[in-house]
Amino acid sequence: MIGKIHKQMSHDSWLFSKMATPEYTPFVFLLLLFQSSVWGVPSCHATKPGMLNVHLVPHTHDDVGWLKTVDQYFYGDRNDIQHAGVQYILDSVVDQLLKNPDRRFIYVETAFFYRWWKQQTDDMQNTVKQLVNEGRLEFVNGGWCMSDEATTHYSAVIDQMTMGLRFLNDTFGHCGRPRVAWHIDPFGHAREHASMFAQMGYDGFFFGRLDYQDRNRRMVAREQEMLWRASESLTPPMADLFTGILPNGYNPPEGFCWDQSCDDPPIRDDPDLEDYNVDDVVTRFLHIAHGQALVYKTNHIIMTMGSDFQYENANLWYKNLDKLIRYVNQMQSNGSEVNVLYSTPSCYLQELHRANLTWPLKGDDFFPYADSAHDFWTGYFTSRPALKRYERISNSYLQTCKQLEVLGGPISRKGPFGAGDSETLSKCLKAMAVAQHHDAVSGTEKQHVANDYARKLANGWAHCQVLVSNTLSSLSGSSAPRVYCEHLNISVCPLTETSKKFSVNVYNPLARPVSWPVRLPVNGTAYSISDAKGKAVDSQVVLTSTGLYYLLSLYPSLSPPLHFSLPFPLSLSISLYPSLSLSISLYLSISLYHSFLFSLPFHNYFSLSFSLHPSSLLSLCASIVTLRDFLSYLFCVCLSRYNASDGNNSESIQMSGAYIFRPNTSTPFIISKTNSVVQEVRQWFSPWVSQVVRLYTDSRALELEWTVGPVPIGDDLGKEVISRLDSSINSSGVFYTDSNGREVLQRRKDYRPTWNLRQSEPIAGNYYPINSRAYIKDDKDQLTVVTDRSQGGGSIQDGSLEIMLHRRLLYDDVRGVGEPLNETSDIYPEGLVVRGRHLLSLSPPATAADTHRPLAQEVVLQPLITFTDGELHPSTRLEVRERFSGLQAVLPPAVHLLTVSQWDQDTVLLRLEHQYQASESKEHSQPVTVNLQVSDIPWRYAPSCSVSGRDSQSPTSVPELANDQSLWLSNYELTALIGCK
C-alpha cells in the first residue's frame, strides 16, 4: 500500500447494470456470463430499512506484475522490492473465512487464483467450492487480469476475459460467475470497456479513479452513481451499465487499515486496559460513514476494506472487522441509525436496485485522468512503445495460431514439427492475457518486469509455432523446415539474406482478401519474384537508409529491403531468386538541399507533390489530390519533442514519468533535419530521428515509417518525441479518437462533456489514448491516422494532429513504480530505438470509415509471413501454392471474423461482429444478415461441421440452428457461435 499510495489518490468506482430492465442482449460475444435473473443472491446479509447500511467489502488488489514479476508476486519472492505473496493471501483468507460464516471476501485476478488452485488438495478444493456456493467467497470481474483500459485492444481484452471466466465457470459453475465488473486501479476508463462488460451480461461496474474535478462535482451533486450509456450504436439497454464510484479509491477509510502493512491501531476492547479505544473507533467510524452518505444517493454506502496485496495475515483484518461490526451495531440500542455488515459488490448493487431511483446518464468516457491540477496521467498512453508494439504483434500471432489450430485439426497438435497439447496454445494465451494487465501493456511497470512480460510473449509464440508449422505442413503437403523471421521491421532475416532461392508463405487471418506490402532484407541488387504459376511479380530493391545507423551497429548484416505487394487470400506462396538481368531497378538516394519540389509516380488513388515548408526546412509538406474524389489536401509532417518537466517549477513539483505527461513548455521543439528522396521520401531529422514517407501501388493510405532513438539525454533533460501533422482542414478544435479499437469518440480541446473544465495543462490535459486511429475533419475533408500500437495524442492546434512516439525520462513521477522511464539494456546501452508506422487516409468524411475501418483491422491482424529455403517442394499442393482459403465464401464487408479457436476437442468457437459504427458509413453502417448455411461458412477441411448457437441465458443449452438460419447483426453487435462438432 505504501508503494502505491500516490497511485491511488483519485479513485472512483462505477457499477453497470441492466437492473431496470429484464431484457437481455440478443447476441453476446462471451459464452460464460449471463443475466442476474439466472440466480439470486441468497448469501447477502440482511440490511435494515430506515438506517444507513454500511457495506464492508474485504478485498485485496493483486497486480499481475508491477514492481515484481507475476511469478515473484505469487510466490512472495523479492520482498526487498515489495512485501507481497499472493499464495499466502489466499491460504490465509480461506482459513479465516472458515472460522466465521458471516465473513465475506471477493477475489479478482484469475491468473493468480488459477495457480493457487492447481496446488490445492482435493479436500481444500472442495472446501473452497463450498465457500463459493455459499457466497462467502465471491469472484468479481473474473478476467485473467484487471486489464488496462487506455492501451488495450478489444480483441485481446475479450480473450483474457474469456480465459478467466471459462476457468471459473468450469471450476465452480454458475456460482463462480462474476456479476460485477471491478476495475478499481486502471488510470482512466474507456467507454468500450463498459460496452463490452454490458454485452457480457454483468450487472454492475465499480471503479476507483476519475479526474479530481469530475469527482468533486459529482460529490456535490451526489452523482457518484450513474447509468453509463456505453455505445452510440447499440440500442439501449444493450450497452447500458450502472456505474458507481468508490469512495476511497480502493483503500479503507483513513484510520481503519488493519493489515500487517498498515500502522493503524487495532481495536483494543478490554475495558480493564489503559489503552481501551472502542468508543474512539466507533465515533470516528460513524463520523466517516455519515460524511460519506452525504455524497451518495441512497441509504446504502460501500467501503473497501483492503488494498494492494493485503490479507497475507487475514486474521488481523477479520478480527478487527468482527469487532467493528459488533461495536458499531451495538450503538443502535442508543439510537444510532447506522448498520454495518459484511458485504460484496453484488450485494451492494442489489440494494441499489431495490432503491428504484432515477440515475444520471453518462455518455462519454473517463479520459484523461488527473489527480491534481498539474498531474495528468496521459504519459502512459505511449510509455514503453516497443512493448506496446510487441503486445500488438503477439495478439496477431495468437489469432493466427488459433485459426491454424482449427484448420489443421489434430495434425496441428501432432505433426512433423513436434507434438502439442492443451498447454501449447495456452502458454501464448496466458502470456497475452497477463500482458493486458493495467501495469503491463500500459508501460507503468519496472524495467525487469517489462522484460518478463516480453519474455513470456516470446515464449508463448515459440510454442505456437509448433501448431502453425504442423498445420501449414499439412495443408501444403510439404514438410520443409519453416523459418519465422521476427526482425523484418529492422530488415533482418538470415534466410533471405543468404539464400539464393527461397519461398515465402503469407497467411492472412482476416476473412477477406487484403493487399499487403512485403519487405524482405536481401543482399543482391536485383531479384526475380514469381508466384506459384511462374508469373512474375513486380518488386524493387531499395538501399538501407542511414537512418538505421544504430540498428546497423547491432546487426552488421543489415541488408537493403526488397519490396513487393500482392493481394493475399488466406494463404499464398511465392518464390524469390536472384536475377542476372536488371529488369528490376535499384533506386539510389538523391541528396536534396534547401527548397525543392518533386512528385511521386502516378498512383491509382493519389497524386502527390512534396516540398519543404515555405518558411523553413523544418516540415515536409505534401499536396495530395485524390483521383477518385478530386479533392485536394495540403498537410505538413514534422517530428518534434517536448522537454520533460523535472519538477523544478513554481506551479508544481510534478515530474514527467511513466504515468504522468508534463512537458516544461507548451511549445514543442522541432528537431532539425535534412532530406533525401528515393521512390519513397526519406527524412533525417537528426542522427536519432528519421522518417520514411512511402506510397504503395493500389494502397488507399500513405505510410509514414518513423524511427526514434536513442533519445539523447546529455543535456540532462528527458524528452517526449511527437509526430505532428498540420493540414488545411478546419477542425474547429474538434478531433476524434477510438476506444479500444472499436467505437470512435468526439474530443474537443479544453473541454469535458460532463463538467466545466479548469484547464491547467494545455498539452497533457488535451491528450487522449489512441488505440488504433484518430482523425480530424471538416465538412469536406477527413484526415485519419491509423496507428500500429497504442499511443497518446491530441489536436493542440486547429487542423493539426500530434501523436507521441517515444518517451525517455530521467525522473520518477512518484506514483509508485520507483524508477524513471529510461529504457536501456546490454543491447541498447545508449537507449532504446523504436520503429513504427502511421497510415494516413485522406477522404471525404462520408466515406472515410470505408477505408479506415478495414485498414485498422489489417494492421491489428496482419498477415503471418513464413519462409522455406529453396524452391517449393514438388509435393506442395497446387491449391495451397496458389490461393488457399479456410473459408469458401468471403464475409460481408461490415462483418469481421473476430475469433476462430478450438474450444474443446469437438467444438470450435466462432465470433462474428458488425464492425461499423452507426451512421459513419452510408454503405456499411446498416444491419447485416449473415447466412449460417454450412455451405457458406464452413471450415474447408472440416466438412462435418454444423453450426450451433449459445443461448444468452443458459450456460448449458446449445440449440441447433437450422442450416438456412441467419444471424441479424446491427452496428457493433457481436455474437458467439459454436460449430464443428
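Residues numbered from 1 in each chain as written. Predicted model: local features only at pLDDT ≥ 70, side-chain atom pairs only at ≥ 80, totals over all residues. Heavy atoms only, no water.

In the nomenclature of an unreviewed UniProt entry, the chain is known as Alpha-mannosidase of Oncorhynchus tshawytscha. The record held by UniProt for the chain lists under Catalytic activity (unreviewed entry) the comment "Hydrolysis of terminal, non-reducing alpha-D-mannose residues in alpha-D-mannosides." In its Sequence similarities (unreviewed entry) section, the UniProt record describing the chain reads: "Belongs to the glycosyl hydrolase 38 family." (UniProt positions renumbered as here; feature names shortened; annotations may be inferred.)

Counting its secondary structure elements, the chain contains 18 helices and 47 strands. Taking all 981 residues of the chain together, the buried fraction comes to 65%. Look at the contacts in the chain between residues 6 or more apart in sequence, and 76% of them connect residues 24 or more apart. (Helix = DSSP H or I, 4+ residues; strand = E, 2+ residues; numbered from the N terminus. Buried < 20%, exposed > 50% of the residue type's maximum accessible area, 1.4 Å probe, protein only. Contact = heavy atoms within 4.5 Å.)

A word on the packing of aromatic side chains. Under the definition given, this model contains 41 aromatic pairs. Judged by centre distance (4.6 Å) and plane angle (75 degrees), the rings of Phe 242 and Trp 359 are edge-to-face. Residue Phe 242 is found in strand 7 (residues 240-245), and its partner Trp 359 is found in the loop between helix 10 (345-355) and strand 10 (361-362); the two are separated by 117 residues along the sequence. The lysine or arginine in question, Arg 326, covers the ring of Tyr 327, its NZ or CZ lying 4.8 Å from the ring centre. (Phe/Tyr/Trp six-rings, centres within 6.5 Å; stacked < 30°, edge-to-face > 60°. Lys NZ or Arg CZ within 6 Å of the ring centre and 35° of its normal.)

For the structure on display, the rule yields 45 salt bridges. A salt bridge links Asp 375 to Arg 815, with the shortest nitrogen-to-oxygen separation between them at 2.9 Å. One end of the pair, Asp 375, is in strand 12 (residues 375-376); the other, Arg 815, is in the loop between strand 39 (800-808) and strand 40 (834-843), with 440 residues separating them in the sequence. When sorted by exposure, Asp 375 lands in the same class as Arg 815, which is buried. With a closest N to O distance of 3.1 Å, Arg 413 and Glu 405 form a salt bridge. One network of salt bridges, with partners in common, ties together Asp 71, Arg 115, Asp 452, Arg 455 and Lys 456. (Salt bridge = Lys/Arg side-chain N within 4 Å of Asp/Glu carboxyl O.)

With mixed pairing, the five strands of this open sheet are ordered in space as 4-5-7-6-10. Each edge of the open sheet is held by one strand with a lone partner, namely strand 4 (180-183) and strand 10. In terms of strand pairing, strand 4 meets strand 5 (residues 204-207) through four bridges, oriented parallel. Bridge pairing in strand 5 places His 183 opposite Phe 207. (Pairing = 2+ DSSP bridges.)

Of all hydrophobic cores here, the largest spans 120 residues; its most connected members are Val 54, Leu 56, Phe 113, Tyr 311 and Leu 324. Sort the elements by how many residues they give to this core and helix 9 (residues 314-330) lands first, with eight residues. Setting aside residues no more than four positions away along its own chain, Phe 113 makes contact with Leu 90, Tyr 107, Val 128, Phe 139, Phe 167 and Phe 172. Ranked by size, the runner-up nonpolar core spans 25 residues in total, among them Tyr 154, Leu 210, Met 226 and Ile 245. (Core = buried A, V, L, I, M, F, W, Y, C linked by side-chain atoms within 4.5 Å.)

With that out of the way, let us pick up the state of the cysteines. Tallied over the entire structure, the rule returns four disulfides. Between the sulfur atoms of Cys 44 and its disulfide mate Cys 347 the distance is 2.0 Å. On the S-S bond that ties Cys 44 to Cys 347, the torsion sits near -90 degrees, and the link is left-handed. Taken together, the residues span a long stretch of sequence, with Cys 44 in the segment before strand 1 (52-58) and Cys 347 in helix 10 at a distance of 303 residues. You'll find Cys 44 and Cys 347 in the same group, each marked buried. Covalent S-S linkage joins Cys 485 and Cys 493, the inter-sulfur distance amounting to 1.9 Å. Since a negative S-S torsion denotes a left-handed disulfide, the Cys 485-Cys 493 link at about 45 degrees is right-handed. No difference in accessibility class separates Cys 485 from Cys 493, as the two residues are buried. Cys 464 supplies the cysteine sulfur nearest to Cys 428, a cysteine that is in no disulfide, at a spacing of 3.9 Å. (Disulfide = S-S within 2.5 Å.)

Next up on the list: helix 10. The buried count for helix 10 comes to eight of 11 residues, which makes it a mostly enclosed element. For helix 10, the set of buried residues is Pro 345, Ser 346, Cys 347, Tyr 348, Leu 349, Gln 350, Glu 351 and Leu 352.

The next thing to look at is the packing of helix 8 (residues 278-293) against helix 9. At a closest axis distance of 10 Å, the pairing of helix 8 and helix 9 adopts a crossing angle of 80 degrees. By the angle between their axes, helix 8 is roughly perpendicular relative to helix 9. Contact with helix 8, carried on its side by Val 278, Val 281, Val 282, Phe 285 and Leu 286, involves Leu 324, Tyr 327 and Val 328 of helix 9 and no other residues of that element. Considering only residue class, the contact of helix 8 with helix 9 consists of eight nonpolar, no polar and no charged. (Axes fitted to C-alpha atoms, helices over the stretch in contact; angles between N-to-C directions. Parallel < 35°, antiparallel > 145°, perpendicular 65-115°, else oblique. Nonpolar A, V, L, I, M, F, W, Y, C, P; charged D, E, K, R; others polar.)

Taken together, three strands build an open sheet; the order of strands is 8-1-9 and the sheet is parallel. The sheet is open, and its two edges are formed by strand 8 (300-305) and strand 9 (338-342), each paired on a single side. Across the sheet, the mean angle from the axis of one strand to that of its neighbour is 25 degrees, orientation sign disregarded. For strand 1 and strand 9, the ladder comprises five bridges, and the chain directions are parallel.

Take the pairing of strand 7 next. Of all six residues making up strand 7, six are buried, and the element is well covered by its neighbours. Burial along strand 7 is two-sided: the face carrying Asp 240, Phe 242 and Gly 244 and the face carrying Leu 241, Thr 243 and Ile 245 are both buried. One ladder, built from three bridges, connects strand 5 with strand 7; its direction is parallel. When the sheet's bridge partners are listed, Phe 207 is paired in strand 7 with Ile 245.

Moving on: the confidence of the model for the chain. Confidence in the prediction of the chain, expressed as mean pLDDT, is 83, and 79% of residues score 70 or more. When the criterion is pLDDT under 50, residues 568-574 qualifies, and its contacts beyond four places in sequence or with other chains add up to 46 contacts. Ignoring residues within four places in sequence, the model shows residues 577-603, a span with pLDDT below 50, making 67 contacts including any to other chains. (pLDDT = per-residue confidence, 0-100.)

This brings us to the environment of Thr 707. For Thr 707, the position within the fold is in strand 31 (residues 702-708). Counting along the chain gives 19 residues from Thr 707 to Trp 688, while the straight-line C-alpha distance between them is 7.7 Å. A polar side-chain atom of Thr 707 sits 2.9 Å from a polar atom in the side chain of Arg 835. (Polar contact = N/O pair within 3.5 Å; in protein donor to acceptor, adjacent residues only side chain to side chain.)

Structurally, the position occupied by Thr 471 is in helix 14 (residues 447-476). With a relative accessible area of 0%, Thr 471 lands in the buried category. Along the backbone, Thr 471 and Ile 411 are 60 residues apart, and their C-alpha atoms lie at a distance of 6.7 Å. The residues contacting Thr 471, other than those within four sequence positions of it, are Leu 404, Glu 405, Leu 407, Gly 408 and Ser 412.

A word on the pairing of strand 15 (residues 502-507). Most of strand 15 is tucked away, with six of its six residues classed as buried. Side chains Phe 502, Val 504 and Val 506 project from strand 15 onto one buried face, and the interleaved Ser 503, Asn 505 and Tyr 507 project onto a second face that is buried too. In the sheet, strand 15 pairs with strand 41 (residues 864-869) via six bridges, with the strands oriented antiparallel. If you follow Val 504 over to strand 41, its bridge partner there is Phe 867.

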